[in-house]
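As a plain string of letters, each chain reads:
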Amino acid sequence: MAYAALSCLGDALDATREFLLPIDRGLWLRLAVVVFFLSGGSGVGSLPNVSWQFPAGNIEGLPSDAVPADGLPVALFEEYLTLVVGVAALFALLGLVFTVVGAVMEFVLVDALRTESVSVRAMFREHVRRGLALFGVYLLLFLVTAGPIVGSAVLFVVPSLDDGGITLAIGMLLTGFVALVVGVLAALAYVFTVAFVVPTMIAEDRGLRSAWRRFWGVLRDNIVEFLVYLAIRIGLLIALGIVAGAAVGIAGAVLLLPFGILAGVVFFASGASLAVGSAILLGGVAVLYVLTLLAVVALVQVPLKTFTRYYELFVLGTIEPDLDLVRERREDLQSGSI
């Protein structure tokens, strides 16, 4: 028996090649904007770690005893605690906005592959309501995951903190087991929602709950097919993660040289001190480095994310033809016209 999850790998690869090659700079840049907001699918989970080391010694404006031997400005953190909290709140807000936009971009990417064109602004406006519904699923999954984990920690771990020993170990094991179970269930719900419910919403113009009911029937009737898909997805996640991680790591190391030189020039030009002005300039260099690296990450993700999303669309359309969003591309591939 030929499983859809196996037979669609070649079609997804061919479709990706035909869509992205020859390279159209405008198309790649628009897709890079889309995939910039998406996470996890390509296997790129983090950026290379960069450690900025500042020398020990006096920091302008602070007494010498406020700076310990390792150069950590304790008094500076205390003085600017409100600023630190404000910056943390700002980053939290940016993360929230980033997640909302990413939820909408899930629909934009599917629509782009369906129509074989990318109009980011028009497609974003078209799918805002669907994206907000998907963001609601993200919040729900977070709550149903965090709730049992925190509850089990309070129930099993906290009471045994004073006892320690075997009691604490058992409590931590129980909490870990709960975290594993709810984490796997939440991950499955997330994968099926993004990979198959999102295309179902577009294919039949359904709301999220209606699309889940529609897809649930397909999942229930083809459980083995989707189990095979999950196994292959895990393998793809590992393989593509290695490729993407290597590419991003090399890019990060290459970019680190010019940005490191720039940071050194700024530091020594300011008299090798951490005055407020020079600290701001160094922070600007670090931000510019991160933004440049994020742009590289987005470009690396374009073919990987395109392939994985094509693969999911081919799998869904093969299992349930009524939900096939890439039928024309499939027919072209099968006929050999491309």
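Being a predicted model, the structure only gives us computed values, none of them experimental.

Rules of the game
- Residues numbered from 1 in each chain as written.
- Predicted model: local features only at pLDDT ≥ 70, side-chain atom pairs only at ≥ 80, totals over all residues.
- Heavy atoms only, no water.
- Phe/Tyr/Trp six-rings, centres within 6.5 Å; stacked < 30°, edge-to-face > 60°.
- Helix = DSSP H or I, 4+ residues; strand = E, 2+ residues; numbered from the N terminus.
- Buried < 20%, exposed > 50% of the residue type's maximum accessible area, 1.4 Å probe, protein only.
- Salt bridge = Lys/Arg side-chain N within 4 Å of Asp/Glu carboxyl O.
- Expected span 1.5 Å × (residues − 1).
- Contact = heavy atoms within 4.5 Å.
- Core = buried A, V, L, I, M, F, W, Y, C linked by side-chain atoms within 4.5 Å.
- Axes fitted to C-alpha atoms, helices over the stretch in contact; angles between N-to-C directions.
- Parallel < 35°, antiparallel > 145°, perpendicular 65-115°, else oblique.
- Left-handed = near helix turned anticlockwise from the far one by under 90°.
- Nonpolar A, V, L, I, M, F, W, Y, C, P; charged D, E, K, R; others polar.
- pLDDT = per-residue confidence, 0-100.

**Student:** Would you take a moment to explain the packing of aromatic side chains for this structure?
**Tutor:** Aromatic ring pairs are defined here through the distance separating the ring centres and the angle between the ring planes. Across all of its chains, the model carries 18 aromatic pairs by this definition. For the pair Phe-37 and Phe-98, a centre-to-centre distance of 5.1 Å together with 40 degrees between the ring planes defines the contact as tilted. Pair noted here: Phe-37 is in the loop between helix 2 (25-36) and helix 3 (74-79) and Phe-98 is in helix 4 (residues 81-115), with a separation of 61 residues, a long-range link. For Phe-37, a relative accessible area of 21% puts it in the partly exposed group. Taking the centre distance of 5.7 Å and the plane angle of 70 degrees together, the rings of Trp-212 and Phe-215 count as edge-to-face. With Trp-212 and Phe-215 both in helix 8 (residues 208-221) and three residues apart, the pair spans about one turn of that helix. Residue classification places Trp-212 among the partly exposed residues on the basis of a relative accessible area of 22%.

**Student:** Teacher, can you tell me more about the pattern of salt bridges here?
**Tutor:** Counting across every chain of the model gives twelve salt bridges. As a salt-bridge pair, Arg-309 and Glu-106 come within 3.0 Å of each other at their nearest N and O atoms. Taken together, the residues Arg-309 in helix 10 (residues 276-319) and Glu-106 in helix 4 connect sequence positions 203 residues apart. Glu-106 gets classed as buried once you look at its relative accessible area, which sits at 2%. Between Glu-312 and Arg-309 there is a salt bridge, with its nearest N and O atoms 2.7 Å apart. On the criterion of helical spacing, the pair formed by Glu-312 and Arg-309 is a turn pair, its members being three residues apart in helix 10. The two residues Glu-312 and Arg-309 agree in class, both being buried. Each of Glu-106, Arg-233, Arg-309 and Glu-312 takes part in one network of salt bridges that share partners.

**Student:** How should I be thinking about helix 6 (residues 128-157) in this particular structure?
**Tutor:** Each α-helix turn comprises 3.6 residues. Residues three or four places apart therefore point the same way. If you check helix 6, its first and last C-alpha atoms are 42 Å apart, about what 30 residues at 1.5 Å a residue would give, namely 44 Å. Among the residues of helix 6, Arg-130, Gly-131, Leu-134, Phe-135, Val-137, Tyr-138, Leu-141, Thr-145, Ser-152 and Val-157 are the ones counted as buried. On its buried face, helix 6 is in contact with helix 4, helix 7 (165-203) and helix 8.

**Student:** What's the story with unusual backbone geometry in this structure? I'm lost.
**Tutor:** The bulk of non-glycine residues show a negative phi, and the bulk of peptide bonds are trans. With an omega dihedral of -5 degrees, the bond running from Leu-21 to Pro-22 counts as a cis peptide bond. In this structure, Glu-116 takes a positive phi of about 60 degrees despite not being glycine. Its location among the elements puts Glu-116 in the loop between helix 4 and helix 5 (120-126). The exposure class assigned to Glu-116 is partly exposed, which follows from its relative accessible area of 37%. If you check the backbone angles, Asp-205 has positive phi at about 50 degrees while not being a glycine. Tracing the chain through its elements places Asp-205 in the loop between helix 7 and helix 8.

**Student:** Would you explain the nonpolar core in this entry?
**Tutor:** One recurring pattern in soluble globular proteins: nonpolar side chains tend to sit buried together. The biggest cluster of nonpolar side chains holds 71 residues, and the ones touching the most others in it are Phe-196, Phe-215 and Tyr-311. The biggest single contributor to this core is helix 10, with twelve residues. Beyond its immediate stretch of four places on either side in the chain, Phe-196 contacts Val-191, Phe-215, Phe-226, Tyr-229, Glu-312, Val-315 and Leu-316. Of all hydrophobic cores here, the second largest spans twelve residues; its members include Leu-255, Phe-259, Tyr-289 and Leu-293.

**Student:** Please clarify how the packing of helix 4 against helix 7 should be interpreted in this entry.
**Tutor:** When two helices pack together, their arrangement is given by the angle between their axes and by how far apart the axes lie. Where helix 4 contacts helix 7, the two axes come as close as 10 Å, and the packing angle between them is 55 degrees. Comparing the axis directions of helix 4 and helix 7 gives the class oblique. Here the hand of the crossing between helix 4 and helix 7 comes out right-handed. Where helix 4 abuts helix 7, its residues Glu-106, Phe-107, Val-110, Asp-111 and Arg-114 lie against Tyr-190, Val-194, Val-198, Pro-199, Met-201 and Ile-202. Considering only residue class, the contact of helix 4 with helix 7 consists of eight nonpolar, no polar and three charged.

**Student:** What should I look at first to understand the packing of helix 2 against helix 4 in this one?
**Tutor:** Closest axis-to-axis distance for the helix 2/helix 4 pair is 8 Å, and the angle between their directions is 130 degrees. It follows that helix 2 is oblique to helix 4 by the angle criterion. Of helix 4, the residues touching helix 2 (which contributes Leu-31, Val-34 and Phe-36) are Phe-98, Met-105, Val-108 and Leu-109. Of the residues belonging to the contact of helix 2 with helix 4, the class tally is seven nonpolar, no polar and no charged.

**Student:** Please explain the confidence of the model for the chain as it appears in this structure.
**Tutor:** It should be kept in mind that the predicted coordinates are not to be read in detail where pLDDT is low. Summary statistics for the chain give a mean pLDDT of 84 and a share of 84% for residues scoring 70 or more. Least confident of the elements in the chain is helix 3, whose mean pLDDT is 55; most confident is helix 8, at 97. Within the model, pLDDT remains below 50 along residues 40-72, and this stretch shows 53 contacts once partners closer than five positions in the same chain are excluded.

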